Amino acid sequence: MAAHRCSCWSWLLILFSLSVFVVADIHETTPVNDHHGGVDHNAQTAEQTADQPAVEERRWEATEVKEAATVDAAADIQGTSAPETVVPSSVPQPKDDFQEELVIRPLHSGDIYASFQFRTLWDTDFMRENKVSHYRLFPKSLGQVISKFSVRELHISFTQGYWRTMQWGQPFIPSPPGAELWVWFQDSVTDVDATWKELTNVLSGIFCASLNFIDSTNTVQPSASFKPLGIGNVTDHSFLRYATLPREIVCTENLTPWKKLLPCGSKAGLAVLLKSEKLFHSSFHSQAVHIRSVCQDWQCKTTSWELRQTLNSVFDLHNSGQTKREWSLFKMFSRTLTEACPLASSSKLYIDITDNPQGEQFELSPATSLLSQAVVLGDRRTFSVYDLTQETTFGSVRSLNLLIRWKSNEGYIHYEPSKDRVKPHLLEMLIQLPPNSVTEVTVQFERALLKWTEYPPDPNHGFYVGSSVISSLVPSTVAMHTNSTRERPLFSSFFPCKEESSYFVRIYTEPLLVNLPTPDFSMPYNVICLTCTVVAVGYGSLYNLLTRSFQIEEPNPGLAKRIANVIRRMRGVPPL
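Looking at an unreviewed UniProt entry, one finds the chain named Phosphatidylinositol glycan anchor biosynthesis class T, with Pundamilia nyererei as its source organism.

This structure, assessed with the given rule, holds 13 salt bridges. Taking the shortest distance from any N to any O, the salt bridge between Arg292 and Glu306 comes out at 2.6 Å. Of the two residues, Arg292 sits in strand β10 (residues 284-295) while Glu306 sits in strand β11 (residues 303-315), which places them 14 residues apart along the sequence. As far as burial versus exposure is concerned, Arg292 and Glu306 are alike and both buried. A salt bridge links Asp352 to Arg381, with the shortest nitrogen-to-oxygen separation between them at 2.9 Å.

All buried positions along helix α6 (residues 252-260) are accounted for by Asn254, Leu255, Pro257, Trp258 and Lys259. Contact partners of the buried residues in α6: β5 (112-122), α5 (192-206), α7 (276-279), β10 and β11.

This brings us to the pairing of β11. Counting buried positions along β11 yields twelve of 13 residues, so the element is predominantly enclosed. Note that β10 and β11 share twelve bridges and pair antiparallel. Paired with His290 across the strands is Arg308, a residue of β11.

What follows covers the state of the cysteines. As enumerated under the stated definition, the model contains two disulfides in all. Residue Cys264 pairs covalently with Cys341 via a disulfide, S to S 1.8 Å. Across the S-S bond of Cys264 and Cys341 the torsion is about 70°, and the bridge reads as right-handed. Taken together, the positions of Cys264 in the loop between α6 and α7 and Cys341 in the loop between α8 (329-333) and β13 (346-352) put the pair 77 residues apart, joining distant regions of the chain. Just as Cys264 is buried, Cys341 falls in that class too. In this model Cys295 forms its disulfide with Cys300; the gap between the sulfur atoms is 1.9 Å.

Think of a sheet as strands paired side by side through backbone hydrogen bonds, with each pair either parallel or antiparallel. Ordered in space as β12-β17-β14, the three strands form an open sheet in which the pairing is antiparallel. The sheet is open, and its two borders are formed by β12 (326-328) and β14 (362-365), each paired with just one other strand. When strand polarity is set aside, the average angle formed by the axes of neighbouring strands in this sheet is 15°. Summarising the sheet, β12 and strand β17 (residues 403-406) pair through three bridges and their orientation is antiparallel. Counted as the bridge partner of Trp327 is Ile404 from β17.

So, about the confidence of the model for the chain. Per-residue confidence for the chain averages 78 on the pLDDT scale, and 76% of its residues sit at or above 70. Low confidence marks residues 1-57, where pLDDT is under 50. Its contacts with residues over four positions away, or in another chain, come to 64 contacts. In this model residues 62-94 is a low-confidence stretch, pLDDT under 50, and it forms 66 contacts with partners more than four residues away in sequence or in other chains.

An α-helix turns once every 3.6 residues. As a result, residues three or four positions apart point the same way. End to end, helix α10 (residues 559-571) covers 19 Å across 13 residues, agreeing with the expected 18 Å (1.5 Å per residue, within 8%). Positive backbone phi, approximately 85°, marks Gly572, located one or two places after α10.

Conventions and cut-offs
- Within each chain, residues carry numbers counting from 1 in the order of the written sequence.
- Totals for whole chains, interfaces and linings use every residue, but because this is a predicted model, local features are given only for residues with pLDDT of at least 70 and side-chain atom pairs only at 80 or more, for both listing and counting.
- Side-chain measures here rest on the full set of heavy atoms in the structure, leaving out hydrogens and waters.
- Salt bridge, as used here, is a side-chain nitrogen of Lys or Arg placed within 4 Å of a carboxyl oxygen of Asp or Glu.
- Here a helix means four or more residues in a row that DSSP labels H or I, a strand means two or more in a row labelled E, and each is numbered from the N terminus.
- Throughout, exposure labels follow a simple rule: accessible area from a 1.4 Å probe, protein chains only, divided by the maximum for the residue type, with under 20% read as buried, over 50% as exposed, and the rest as partly exposed.
- Contacts were defined at the residue level, with two residues in contact if any of their heavy atoms lie within 4.5 Å.
- The rule for pairing is simple: two strands pair if DSSP sees at least two bridges between them.
- When the sulfur atoms of two cysteines come within 2.5 Å, that pair is taken as a disulfide.
- The axes used here are C-alpha line fits, helices contributing only the stretch in contact, and every angle between their N-to-C directions lies in the interval 0 to 180 degrees.
- Values of pLDDT, which run from 0 to 100, indicate the predictor's confidence residue by residue.
- To estimate the expected span of a helix, count its residues, drop one, and scale the result by 1.5 Å.

Structure below.
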């Protein structure tokens, strides 16, 4: 394939408001379409070798005569193709169409990146006077949203975690932590702000999210970034609204309505792997919905609506409790694939083998001979393809549990996560250190508040973390005796010597002192004193009133009164 040259001009613009945007407008001039060239060349090769026996075990996906999708479909599901998504005009297309794909990329860090792509195309017009009433593959709830609020494009994402670009590279479709929503409205909308507010309330109910908290205080109107991704060159940014909720927590309540938008739900196809218990325990999780208008043919004479649902997740090797560097569908999702979605015209599983062309790093089981190439983020990538619409993909057991096993045995890493108030962390690594070098091991942690009964008498002093242990075999300058029965001094025979050229050393590091959040312990003391005083005064007074007996005692009479009473008794008169 001939090399292509392209001329690029880039302009960067930074807009400061509630958010920061970096805009890159890149114009490319490509004399020949790369995807067309690849397909034509492979088709000619297939015609030339139709009568010859196969001499290679692997074959390219484009050489399959029965394949409806070409190599450029792989690039399209990556989100890296041009905004004008097109379908070859030579192939008759139904009124609506559904495709599903899963891309798995092994990362250099030992983690695994899984990207789900579900695309629904529908040749209809939501803006016509007579409303659309019959829905087959396209979800009715989103169709009514497009029609009612005159939506040109809608992009919404829910993300948990932060994408580590330095460790994982670039994602297929980036998204910020929390919730993100940006919408292009039709130019027929008169009051964009009122429509935007009503739309956020409706989407909040559809996706079970707190999008109703989006208002004028966290909504911006970018003037140069967030261009439309579909057809149409809209330049009036007064019809664009953008908002984020960084503190939005993504949970099962957001995943369940997202899966219900799929034609097969989570009952068949690739969606059966979307198990919330596994997805939300990953290092990164992002689910999104993108709605736009795309071309149906190369000339873009007719258009259709595209609904693209994406879900990206990164699974950590060590957090999963694995000691060996290998992955499988069951280890990632606790499920295997048994069938494609019956309503899908295409259902495929892609494994990125660009860094493993000859299988020297890892091996796939079961193996596949179908290959595909796609340009992803400016880089040509090679993929092994598993076509789920073919019964031979699942084998005799009618189950596909793809296994990725690394051949090289690296530095050994054993990690056991801690459980609060049950057990601590355990991290063991087997590494080889070169001489005169410095090796640094860092561990990220979050500070948390303890129960008030768990603090020591001097909490402001901090909390100690036990010493790390380094066990090493150090080269010896003299030959060591490996005979354990040899009589030696006691101080030199504690560790057994198994090699003549090295000896065993164990080193302990200094304990680590960590400062954790400490509450103000004087406040509980003050509260206790005040409470005890109030209780003592109130309860003591009430107790005295309830238990003490009162008697009325008359005062002693005076001398004159006593004499008068004696005289009155003598006379027989009652005393005073």
